[in-house]
Amino acid sequence: MSRRHLRCFAARAELFSLTTAVLLVRICRQMTSLLNLSRERPAIVFVNPHAGGGRCGRRLADVKTLFSARSFLAEFVLAGSREEMESRVRAAIAAGHHVLLGMGGDGTVQALVNAAHKSEVLLGILPAGGGNDFAAALGLPKDPVAAAEMMLAGQPRSVDLLRARTADGRERLYVGGGGVGLDADSARYSSGRYKRLPGRVRYLAAALHALSKFQPLRVRAEFPGSTLPDVDSPVLLAGALNTPSYGAGLRLAPDAQIDDGLLTALFVKNLSEAEVLVAIPRLLTRGGLPDSYVTRVNAKRVRLSCDRDCDFHGDGEVLGPAPVDIEVLPRAVRMLAPVKS
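What counts and how
- Residues numbered from 1 in each chain as written.
- Predicted model: local features only at pLDDT ≥ 70, side-chain atom pairs only at ≥ 80, totals over all residues.
- Heavy atoms only, no water.
- Helix = DSSP H or I, 4+ residues; strand = E, 2+ residues; numbered from the N terminus.
- Buried < 20%, exposed > 50% of the residue type's maximum accessible area, 1.4 Å probe, protein only.
- Contact = heavy atoms within 4.5 Å.
- Polar contact = N/O pair within 3.5 Å; in protein donor to acceptor, adjacent residues only side chain to side chain.
- Axes fitted to C-alpha atoms, helices over the stretch in contact; angles between N-to-C directions.
- Parallel < 35°, antiparallel > 145°, perpendicular 65-115°, else oblique.
- Left-handed = near helix turned anticlockwise from the far one by under 90°.
- Pairing = 2+ DSSP bridges.
- Expected span 1.5 Å × (residues − 1).
- Arc of directions from axis to C-beta.
- Phe/Tyr/Trp six-rings, centres within 6.5 Å; stacked < 30°, edge-to-face > 60°.
- Lys NZ or Arg CZ within 6 Å of the ring centre and 35° of its normal.
- pLDDT = per-residue confidence, 0-100.
- Salt bridge = Lys/Arg side-chain N within 4 Å of Asp/Glu carboxyl O.

Draft legend 1. Here's a closer look at the overall build of the chain. Assigned secondary structure in the chain consists of 9 helices and 15 strands. Looking at the 341 residues of the chain, the share that counts as buried comes to 49%. Considering only contacts in the chain between residues 6 or more positions apart, those separated by 24 or more positions represent 74%.

Draft legend 2. Quick look at the side chain of Glu327. Note that Glu327 resides in strand S15 (residues 324–337). On the basis of relative accessible area, Glu327 is assigned to the buried category, the value being 18%. A polar side-chain atom of Glu327 sits 2.7 Å from a polar atom in the side chain of Arg165. Contacts of Glu327, omitting those with residues within four sequence positions, involve Leu161, Leu162, Arg163, Arg165, Leu263, Lys300 and Arg301.

Draft legend 3. Region of the structure containing the side chain of Gln110. Relative to the helices and strands, Gln110 is located in helix H4 (residues 106–116). Of the residues examined, Gln110 reaches a relative accessible area of 0% and is grouped as buried.

Draft legend 4. Local environment of the packing of helix H3 (residues 82–94) against H4. One way to put it is that H3 packs onto H4 with a least axis distance of 9 Å and a crossing angle of 40°. Our classification of the angle between H3 and H4 gives oblique. Crossing of H3 against H4: the hand is right-handed. Two secondary-structure elements touch here, H3 through Arg82, Met85, Glu86, Val89, Arg90 and Ile93 and H4 through Thr108, Gln110, Ala111, Leu112, Asn114, Ala115 and Ala116.

Draft legend 5. View of the pairing of strand S13 (residues 311–314). As paired strands, strand S7 (residues 177–181) and S13 are joined by 2 bridges and run antiparallel to one another. Pairing of Gly179 across the sheet is with His313, part of S13. Sheet analysis places S13 next to strand S14 (residues 317–321), joined by 4 bridges and oriented antiparallel. Bridge pairing in S14 places His313 opposite Val318. Counting the residues that bridge the hairpin from S13 to S14 gives 2 residues, and of these Asp315 lies at a positive phi of roughly 55°.

Draft legend 6. Local environment of H3. An ideal rise of 1.5 Å per residue puts 18 Å on 13 residues; H3 measures up with 18 Å between its terminal C-alpha atoms. Among all positions in H3, only Met85, Glu86, Val89 and Ala92 are buried. Mapping the buried residues of H3 onto a view down its axis gives an arc of 120°, with all of them on the same face. H3 presents Glu83 and Ala94 as exposed residues on the side facing more than 90 degrees away from its buried surface. Residues of H3 that are buried sit in contact with strand S1 (43–47), strand S3 (99–104), H4 and strand S6 (171–174). Downstream of H3 by a residue or two, Gly96 has a phi angle that is positive, lying close to 95°.

Draft legend 7. Representation of the packing of aromatic side chains in the model. Summed over all chains, the structure comprises 3 aromatic pairs. Aromatic ring contacts, followed pair by pair, group Phe67, Phe72 and Phe76 into a single cluster. Taking the ring centre of Phe76 as reference, the NZ or CZ of Lys64 above it sits at 5.3 Å.

Draft legend 8. Structural view of the confidence of the model for the chain. Scored by pLDDT, the chain has a mean of 83; 77% of the residues are at 70 or more. The least confident element of the chain, judged by mean pLDDT, is helix H1 (residues 3–40) at 52; the most confident is strand S12 (residues 301–306) at 98. Within the model, the stretch residues 18–30 combines pLDDT values under 50 with 7 contacts to residues more than four positions away or in other chains.

Draft legend 9. Up close: the pattern of salt bridges. Inspection of every chain in the model, using the stated rule, returns 18 salt bridges. In this structure, Glu86 and Arg90 form a salt bridge, with 3.9 Å as the shortest nitrogen-oxygen distance. Placement of both Glu86 and Arg90 in helix H3 is noted, with a separation of 4 residues, approximately one turn of the helix. Residue Arg90 is classed as partly exposed on the basis of its relative accessible area of 45%. Measuring nitrogen to oxygen at the nearest pair gives 2.6 Å for the salt bridge that ties Arg165 to Glu171. Note on Glu171: relative accessible area 46%, which makes it partly exposed. Several salt bridges share partner residues, and in doing so they unite Arg163, Arg165, Glu171 and Glu327 into one network.

See the structure below:
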C-alpha cells in the first residue's frame, strides 16, 4: 500500500472515529435529558394488560427491570378500558408529568394520543399488542424491552395523526390504518373470538370469517380542497392509512410516511374467490397484495361514502358509521423514536 493510500485510509479512520464520537455524545445527551425529565417527574407507563392476548402483561416485569437498571424513574398504571386509560392520561398531564408511554398495541397508542393531543408532553410506545404497525413505522422493534432500550437512547420525533369525523358527529384520532368494508367487519372478530391468535394470523383469520358474510360494497371517495378526481368503485375495502402497514404488517401502503402531511387512500377491488385464494398466501408470506388489486391516492383529506350502511374503523377500533371524513393533522404529537443514522 502506497503512502498516499495510507494517508487516505488514516484520514477516513479519523473521520469515522470523530463521527462515531459525535454520535455517542449526542445519544448520551439525549439519554441524560430523558433521565433528567424522569427525575423531575417520573414517566408514566399506561399498560393495557390484555394487549397481545396477554403478552403485554407477561413482559411487564422485564420492562420494569430494564428501567430500574437504567435509573429511569417510571410509574406503571394498568388500565382495563380505553375510557379509563384516557382519563388517567389526562390526569397525568394535569399533574405535570412530561413523559407518557403506552404499553400495548395500536389501540393503546390511539387512546394515548387522543388524551394527550394539544399538550406538550413527550409520548412513547412499548409495542406489546397484536399489530404494532405504528411502532414499526417509527422504527421500533416488536419486542417491548428492545423498544424500551432504543427509546431511552432515542430522540423526539414529530409525527402525523389522522382525524376521523363519522356520520354520527363523533371525532376520533387514530395513528395507523382505518377503513370501511371487509377490514371494518373483520375488526369485530379480531378483537373478539380471534384475539388470542398471534399477529398477522389473527387479522387474516378474522378477515376470512368476515369474507364469508361480506355483502357487496360500492364506495365513493372525494378529496376536498384538492383537484384529485373522485373514486367511485365496488371494493372489498377502502381505507385511509398513515402507516405503510396495518393488520400486523400487511403492507398495503408501502410508500406511506408518518411525517409527510399526507394520508394514503387505498381501494382494494372486489376480489373473486379465485383472486382471494391467490391473495391469502401472498399476504401471509409477503404482507402485500398485487398492485393490480389496489388503487392508491395520496391526499391531505378524503371523504368516504358507501352505498349501504357500514362502519369505519381506526386502528382496529370501530369509530362510527360512514360517511366519514378523514384528514391529516401534520406533526401533531412528539414521539420518542430511534436516532436516525
